[in-house]
Amino acid sequence: MYSCGPTVYDYAHIGNLRTYIFEDVLKRVLKMSGLAVRHVMNITDVGHLTSDADEGEDKMEKGARRTGKSAWEIAQLYTDAFLADMRRLNIEDPVVLCRATDHIAEQIGFIADLEKNGYTYRTSDGVYFDTSKQKDYGFLARLDVKGLEAGKRVEQGEKRHPTDFALWKLSPPGERRQMEWDSPWGKGFPGWHIECSAMAQKYLGDYFDIHCGGEDHIPVHHTNEIAQTEARVGTRLANFWLHGYFLLSNDAKMAKSAGEFLRVDSLVERGYDPLAFRYLCLTGHYRGQLNFTWDAQDAAAVALDRMRQGVYALRGAGAAAPDPALAERFTDEINDDLNVPRALAVAWETLRGDRPAAVKRATLVEFDRVFGLGLAAWVPPVEAVPDAVRALADARAAARRAKNWAEADRLRGELAAAGWEMEDRADGYALKRRSPAPSER
């Protein structure tokens, strides 16, 4: 299984991370089904231009200029930040994490084979792949190549066809880049697409099972990966292609180019557990766009807290096996094109059902092998309650015992104003910090 990793010129936003959560769920489902998964993910630290049309500058060079650091420094900075976000979202590490800059030789060798096979041509600024050599170019995205040819209205430089793409870009004359290498075609750097084809082939072979990425990879990046590999070895790279759809913000695609985007840190600063965002992603199907709102994130946080509390309340019930009927239903749902929202519904039915406590807990912990919410390990956070807050809670409990509902409601309001919530229980009450409303964040 190969998944396209981040271009590390900036921090990953939560829209990017939705795709990695989907891929993590996919891997967990495969493992739950008894398969051994060799997962390879790349780090793009060179070659991704600011335009998919092979125009503009390398995003790493642009990021270096923005930050005042070297391209090598920002690559490490943003790679480390991405891996930290992965850990906070409980996304399992790939078996192989490979950097484009560590595989320049493999990419040069790949391009040389394409040239030998007659699929390339040279221009003043690099080496390009000639897409007209493949009759079925663009089949993954169902591209209308002839329509693109007939309707081209933009300057394409020395490219022969609008869909042709760069394999190797030459450094501009008289300009020294931070990231450049010698090659048979001159000093320069690889194109974005060639790195994934070269590294996927190195670590997974000519033809492997699953290739993943975001929906925006379909028309250009993945289409070109397929073209390159097919031209080199005669295969279509991967048997199955799965794409995660966008996370929207106010019904628009979340993108770094917009200048403002939400990171995991943004959620933490507003008081959210990162796994509440993971839960939110589980509520939408990976092939459907999901609209991020603070109300939706609040609802996910509440749901996760209730599920955690529910599983925690079942502790000490003893050992048991998962309920086979519920496990079968859960498996049917997740194997139906990863229908995780319906699998979540089975989990809630389990939690609210009347099966023995030990069976319920074992079943939910088994389901969490896919959800990745860490339900078995969770314990309520211990937080010191100020004396004044404790006094208010005691007074409210006394008012409830006296059935003085007006006074109880008034005291609940004072607790809320102080930032606390009081949960009435059969054995007394519990206090916890009140989550701020979206308008308060």
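To be clear, the structure that these remarks concern was listed above.
Draft legend 1. Seen up close, the overall build of the chain. Counting secondary structure elements, the chain contains 15 helices and 14 strands. With 441 residues in all, the chain has 51% of them scored as buried. In the chain, of all internal contacts separated by at least 6 residues, the share reaching a separation of at least 24 is 74%. Split by element, the accessible area of the chain, about 20700 Å² in all, is 49% carbon and sulfur.

Draft legend 2. Fine view of the layout of surface pockets. In this model, the largest pocket occupies a volume close to 1300 Å³. Considering the residues around the largest pocket, the lining is formed by 37 residues, among which Asp-305, Gln-309, Pro-381, Lys-432 and Arg-433 are closest to the centre. Of all the secondary-structure elements, those providing two or more residues to the lining of the largest pocket are α10 (294-313), β13 (420-425) and β14 (428-433). Looking at the lining of the largest pocket residue by residue, the classes come out as 18 nonpolar, 4 polar and 15 charged.

Draft legend 3. Representation of empty space enclosed by the protein. For the coordinates displayed, the defined rule picks out 4 cavities of 30 Å³ or more. Taken together, Arg-18, Ile-21, Phe-22, Val-25, Cys-281, Leu-282, Gly-284, Tyr-286, Leu-338 and Val-340 make up the full set of residues lining the largest cavity. Mapped by element, the contributors of at least two residues to the lining of the largest cavity are α1 (14-32) and α9 (274-282). By residue class, the composition of the lining of the largest cavity is 8 nonpolar, 1 polar and 1 charged. Along its surface, the second largest cavity is lined by 13 residues, and Gly-47, Leu-49, Ser-51, Asp-54 and Trp-192 are the ones closest to its centre. Those elements that place two or more of their residues in the lining of the second largest cavity are β6 (165-170), β7 (188-190) and α6 (192-204). Class assignment for the residues of the lining of the second largest cavity results in 5 nonpolar, 5 polar and 3 charged.

Draft legend 4. Examining the packing of helix α11 (residues 324-334) against helix α12 (residues 340-352) more closely. Contact pair α11 / α12: the axes reach a minimum separation of 8 Å and the direction vectors enclose 160°. In terms of axis orientation, α11 runs roughly antiparallel to α12. Between α11 and α12 lies a crossing whose hand is left-handed. Touching Leu-326, Arg-329, Phe-330, Glu-333 and Ile-334 of α11 are Arg-342, Ala-343, Val-346, Glu-349 and Thr-350, all from α12. For the contact of α11 with α12, the residue count by class is 5 nonpolar, 1 polar and 4 charged.

Draft legend 5. Fine view of helix α2 (residues 59-67). Every buried residue belonging to α2 is among Lys-59, Met-60, Glu-61, Gly-63 and Ala-64, and all of these are buried. Next to the buried residues of α2 lie α3 (71-88). The opening residue of α2 is Asp-58, an N-cap whose side-chain oxygen sits 2.7 Å from the backbone nitrogen of Met-60. A positive backbone phi angle near 80° is found at Gly-68, which sits one or two residues after α2.

Draft legend 6. Layout of the sheet that holds strand β12 (residues 290-292). The strand order β11-β10-β12 describes an open sheet built from 3 strands, whose pairing is mixed. Of all strands in the sheet, those with a lone pairing partner are β11 (252-253) and β12, marking the two edges. In this sheet, β11 lies alongside strand β10 (residues 247-249) in antiparallel orientation, the contact comprising 2 bridges. Paired with Ser-249 across the strands is Ala-252, a residue of β11.

Draft legend 7. Molecular detail of the packing of aromatic side chains. Per the stated rule, a full pass over the model turns up 13 aromatic pairs. Their ring planes at 0° and their centres at 4.5 Å tell us that Phe-22 and Tyr-286 sit as a pair that is stacked. Linking Phe-22 in helix α1 with Tyr-286 in the loop between α9 and β12, this pair joins segments that are 264 residues apart in sequence. Taking the relative accessible area as the measure of exposure, Tyr-286 reaches 8% and is therefore buried. Taking 5.5 Å as the distance between ring centres and 80° as the angle between the ring planes, the aromatic pair formed by Phe-330 and Phe-371 counts as edge-to-face. Residue Phe-330 is located in helix α11, and its partner Phe-371 is located in helix α13 (residues 357-371); the two are separated by 41 residues in the primary sequence. On the accessibility criterion, Phe-330 (0% relative accessible area) is buried. Each residue in the set Tyr-119, Phe-129 and Phe-165 is aromatic and connected to the rest through ring pairs, giving one cluster. Here the guanidinium or amino end of Lys-202 rests over the ring plane of Tyr-203, the centre of that ring lying 5.6 Å away.

Draft legend 8. Quick peek at α12. For α12, with 13 residues, the first-to-last C-alpha span of 18 Å sits near the 18 Å given by 1.5 Å per residue. Turning to α12, its buried residues are Val-340, Ala-343, Leu-344, Val-346, Ala-347, Trp-348, Thr-350 and Leu-351. Lining the buried residues of α12 we find α1, α9, α10, α11 and α13.

Draft legend 9. Expanded view of the sheet that holds strand β5 (residues 126-129). Spatially, the 4 strands line up as an open sheet ordered β4-β5-β6-β7, and their pairing is antiparallel. This sheet does not close on itself; its edge strands, each paired only once, are β4 (120-123) and β7. Within the sheet, the average angular offset between the axes of one strand and its neighbour, ignoring direction, is 25°. Running at roughly 120° to β6, helix α4 (residues 104-116) makes contact with β4, β5, β6 and β7 of the sheet.

Conventions and cut-offs
Residues numbered from 1 in each chain as written. Predicted model: local features only at pLDDT ≥ 70, side-chain atom pairs only at ≥ 80, totals over all residues. Heavy atoms only, no water. Helix = DSSP H or I, 4+ residues; strand = E, 2+ residues; numbered from the N terminus. Buried < 20%, exposed > 50% of the residue type's maximum accessible area, 1.4 Å probe, protein only. Contact = heavy atoms within 4.5 Å. Areas by Shrake-Rupley, 256 points an atom, 1.4 Å probe, with all protein chains shown as cover. 1 Å grid on protein atoms, 1.4 Å probe; cavity = no way out; pocket = protein on both sides within 12 Å on 5 of 7 lines; lining within 4 Å. Points joined across faces, edges and corners; volume = space filled by probe spheres on them. Nonpolar A, V, L, I, M, F, W, Y, C, P; charged D, E, K, R; others polar. Axes fitted to C-alpha atoms, helices over the stretch in contact; angles between N-to-C directions. Parallel < 35°, antiparallel > 145°, perpendicular 65-115°, else oblique. Left-handed = near helix turned anticlockwise from the far one by under 90°. Polar contact = N/O pair within 3.5 Å; in protein donor to acceptor, adjacent residues only side chain to side chain. Pairing = 2+ DSSP bridges. Phe/Tyr/Trp six-rings, centres within 6.5 Å; stacked < 30°, edge-to-face > 60°. Lys NZ or Arg CZ within 6 Å of the ring centre and 35° of its normal. Expected span 1.5 Å × (residues − 1).

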